[in-house]
Every structure is written in structure tokens, then in C-alpha cells.
Amino acid sequence: AARLAHTPSVFQTSVAHSSDVANTQNVRATRAGADIVHVPSVTATERLLHGVEYNQIMTPNGDGISDELSVSFLVVKTTVPTVRVRVLDLAGRAIADLTSTGAASHRMQFAWDGSNTSGQRVPPGIYLIRIQVHADARQETATRLVHVVY
């Protein structure tokens with residue numbers, strides 16, 4: 001296990017069992033010196049972006065089923081990241097900027113209703129979800145495919 005000692009930070013965290021991630025528990029220091037935390041899977045890598053989750057198919061037709069794209073992820077190793085999540089067409093043109101819907105269990109969450117920047121519903125097709133994280137020392141980008149069908 002590696003220590004996060006080279007970039008000391010005060011942060012809050014929670015834990016969950018992998019089979020029930022919706023049931024998280026906050027972690028609190030119970031004694032002096034309990035500020036040393038080992039997070040092997042996070043500190044072993046240089047990545048800022050972890051655990052991207054999203055629905056790969058959306059049908060924004062107003063029937064209440066898969067009408068909205070939800071994107072969530074965890075940003076680590078930075079205290080105040082600048083995050084941008086955009087929808088692009090396959091040619092790389094910006095279609096929409098996603099709006100943050102807050103955070104749950106320390107995960108960043110964004111949503112898209114299937115509309116372009118003019119508020120019109122996009123045509124069926126394959127689109128790119130581009131997540132950009134800018135931190136003090138570097139930036140990281142992740143791209144995922146989403147299918148819009150009607």
C-alpha cells in the first residue's frame with residue numbers, strides 16, 4: 001500500500017461494499033494521528049479520474065424510460081478540480097455541455113436530456129461524452145460512447 005504523504009490533504013471519505021455501493025458509510029478519525037489513510041487502488045496510479053459510470057443507451061423521447069443520460073465519476077488527487085463534461089458528435093463538434101447534478105458519496109454527477117445547445121432534441125446516433133479534469137499539475141481526459149435511439 002502506498003501513502004498519500006507526498007500530497008498531504010485534508011479530505012472526507014466514505015466506504016461501501018462492492019456489492020452494495022449505494023449504502024456508503026462516512027469515515028471519521030477517532031483518535032489523534034488517524035489522518036493517515038491508505039487507499040491502495042487510488043495511490044498506485046497517477047490518474048485523476050476513476051470509476052466512470054454512465055448509461056450507454058438513452059432514448060430521450062419523453063416516455064420516462066432512459067430519457068436522461070447520467071454520468072458519474074470520482075476525481076482524486078486534487079482538492080479543487082475544474083471539470084467539464086461535454087457531448088460531441090463523431091466529428092468532434094460540441095453538441096452540449098452537461099450540467100452538474102451534485103455529488104453523492106463523493107462522486108461527481110452530470111446529466112444530459114438529449115438536447116443540443118439550442119434546446120432541440122438531437123437526432124439518433126452515436127455521440128461522444130468527453131470528461132475533462134483540470135488540476136494544478138496536469139489535466140486528464142476520458143471519452144466514452146453513448147447511443148441515442150428513438
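Residues numbered from 1 in each chain as written. Predicted model: local features only at pLDDT ≥ 70, side-chain atom pairs only at ≥ 80, totals over all residues. Heavy atoms only, no water.

Could you give an account of the overall build of the protein, naming the residues involved and the relevant values?
A tally of helices and strands in the protein yields 1 helix and 11 strands. If you list the helices and strands of the protein from N to C, you get β-β-α-β-β-β-β-β-β-β-β-β. For the protein, with 150 residues in total, the buried portion stands at 26%. Put simply, of all contacts in the protein between residues at least 6 apart along the chain, 56% involve residues at least 24 apart. (Helix = DSSP H or I, 4+ residues; strand = E, 2+ residues; numbered from the N terminus. Buried < 20%, exposed > 50% of the residue type's maximum accessible area, 1.4 Å probe, protein only. Contact = heavy atoms within 4.5 Å.)

Before we move on, could you go through the pattern of salt bridges and cite the residues and values that matter?
As enumerated under the stated definition, the model contains 3 salt bridges in all. Among the ionic pairs, Asp89 bridges to Arg93, the shortest N-O distance being 2.8 Å. Relative accessible area serves as the criterion here: at 11%, Asp89 is assigned to the buried category. For Arg93, a relative accessible area of 55% puts it in the exposed group. Residues joined by salt bridges that share partners form a network here, namely Arg84, Arg86 and Asp97. (Salt bridge = Lys/Arg side-chain N within 4 Å of Asp/Glu carboxyl O.)

A description of the environment of Ala111 should follow, citing residues and the corresponding values.
Position of Ala111 relative to the elements: it lies in strand β9 (residues 107-112). Separated by 13 residues in the primary sequence, Ala111 and Leu98 place their C-alpha atoms 5.9 Å from one another. For Ala111, the residues in contact, after removing those within four places along its chain, are Glu68, Leu69, Leu98, Thr99 and Thr101.

Account for the nonpolar core, naming residues and giving values.
Membership of the largest hydrophobic core comes to 23 residues, with the highest contact counts inside it found for Phe73 and Trp112. Among the elements of the structure, β5 (69-75), β6 (82-88), β7 (94-97), β9, β10 (125-134) and β11 (139-148) are those that each provide at least two residues to this core. In this structure Phe73 touches Leu49, His50, Gly51, Val52, Val83, Val85, Arg107, Met108, Phe110 and Ile131, once residues within four positions along its chain are discounted. (Core = buried A, V, L, I, M, F, W, Y, C linked by side-chain atoms within 4.5 Å.)

Got a sec to walk through the side chain of Ser115? Specific residues and values, please.
Counting through the fold element by element, Ser115 comes out in the loop between β9 and β10. For Ser115, a relative accessible area of 16% gives the class buried. When neighbours within four sequence positions are excluded, Ser115 is seen to be in contact with Ala96, Gln120, Arg121 and Val122.

Such coordinate-based values are descriptive only and should not be taken to indicate function.
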